[in-house]
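Read off the chains here:
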Amino acid sequence: MPRDTLTAERIVRAAIELLDDEGLDGLNMRSLAKRLGSAPTAVYWHIKTKDDLVRLAGDAIWYEVELPDLDAADWRTAAAAHATGMHAMLTRHPWLGQAFGSHLLHGAGQARHNDLSLAIYEKAGFAAADADRAAATVFTFVLGSTLGPAAQVSLNRRLNKDGADGEQRMADAMKRATEIAMQFPRLRERLGTTAATEYAAAPDDTFAFGLHCLLDGFEARLAADNTRRRR
């Protein structure tokens, strides 16, 4: 592909696809240029460094999260929708969670969501400082909830590297982990009965459970503050 047919937007979209497939460790300008059918020098013409590329890609995927309409929804419905959308996006792109700890990420895509988060919790009735805390608490919970799936993607990629039988290696590790867990009463109870399947599937429901608990806590905090102000 000639250099003049490339755009920064096309490069960023290709980088997102490469990051989804290979993770942060798999992103380099040579691989990206090959995916684009171009030369690495042509990519550098538009985006100067790998760090810039990760920053741009990391910001672009924030636009996948739909912004709830605060004029049409109550604050709790908006908060749940926003948190669920962020969780889905971070799960689709597990490399972003890793990038938070290794790159300086910023941009309009993420900023518009930060601004919306503050608006949600201000609408709930929190003062500015507490709205900041509420938004940060929910984001930290959302990000933490995606670390497990992100780690699993990285682990699967590593286990299958160089033609290894990742499925068998995982099965062997799970067998050893189960043998160890059976030494402990509560784990043994769950793993040794028909509840074992539900126990293994618990993470699928943990996010929704935790989010509802957080929002319940916010509502209780707001109610208590209102009671104190009326006294």
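Refer to the structure printed above.
What comes next concerns the included structure. (Residues numbered from 1 in each chain as written. Predicted model: local features only at pLDDT ≥ 70, side-chain atom pairs only at ≥ 80, totals over all residues. Heavy atoms only, no water.)

**Concerning the overall build of the chain**
Within the chain, the secondary structure is distributed over eleven helices and zero strands. Its helices and strands taken in sequence order, the chain reads α-α-α-α-α-α-α-α-α-α-α from the N to the C terminus. The 231 residues of the chain split such that 34% are buried. Taking the contacts inside the chain whose residues are at least 6 apart along the sequence as the reference set, 68% of them involve residues at least 24 apart. Within the structure as shown, the chain displays about 13800 Å² of accessible surface, and the carbon and sulfur contribution to it stands at 55%. (Helix = DSSP H or I, 4+ residues; strand = E, 2+ residues; numbered from the N terminus. Buried < 20%, exposed > 50% of the residue type's maximum accessible area, 1.4 Å probe, protein only. Contact = heavy atoms within 4.5 Å. Areas by Shrake-Rupley, 256 points an atom, 1.4 Å probe, with all protein chains shown as cover.)

**Concerning the environment of A80**
You can see A80 is positioned in helix 5 (residues 75-92). Distance from A80 to P68, taken between C-alpha atoms, is 9.5 Å for residues twelve residues apart in sequence. Here A80 is in contact with L211 and L215, once residues within four sequence places are set aside.

**Quick look at the environment of S117**
Position of S117 among the secondary structure elements: in helix 7 (residues 108-124). The contact partners of S117, leaving out residues within four places of it in the chain, are H82 and A135.

**Description of the pattern of salt bridges**
In the structure shown here, the tally under the stated rule is eight salt bridges. Close ionic contact of R35 with D21 constitutes a salt bridge, the shortest N to O distance being 3.2 Å. One end of the pair, R35, is in helix 2 (residues 29-36); the other, D21, is in helix 1 (residues 8-22), and 14 residues separate them in sequence. The exposure class assigned to R35 is partly exposed, which follows from its relative accessible area of 38%. Under the relative-accessibility criterion, D21 is labelled partly exposed at 42%. Through salt bridges that share partners, E17, D21 and R35 make up one connected network. (Salt bridge = Lys/Arg side-chain N within 4 Å of Asp/Glu carboxyl O.)

**What to know about the nonpolar core**
Among the nonpolar cores identified, the biggest contains 52 residues, and L32, L53, W75 and Y121 are the most heavily contacted of them. Not counting chain neighbours up to four residues away, the residues in contact with W75 comprise I120, Y121, K123, A124, L215, F218, E219 and L222. (Core = buried A, V, L, I, M, F, W, Y, C linked by side-chain atoms within 4.5 Å.)

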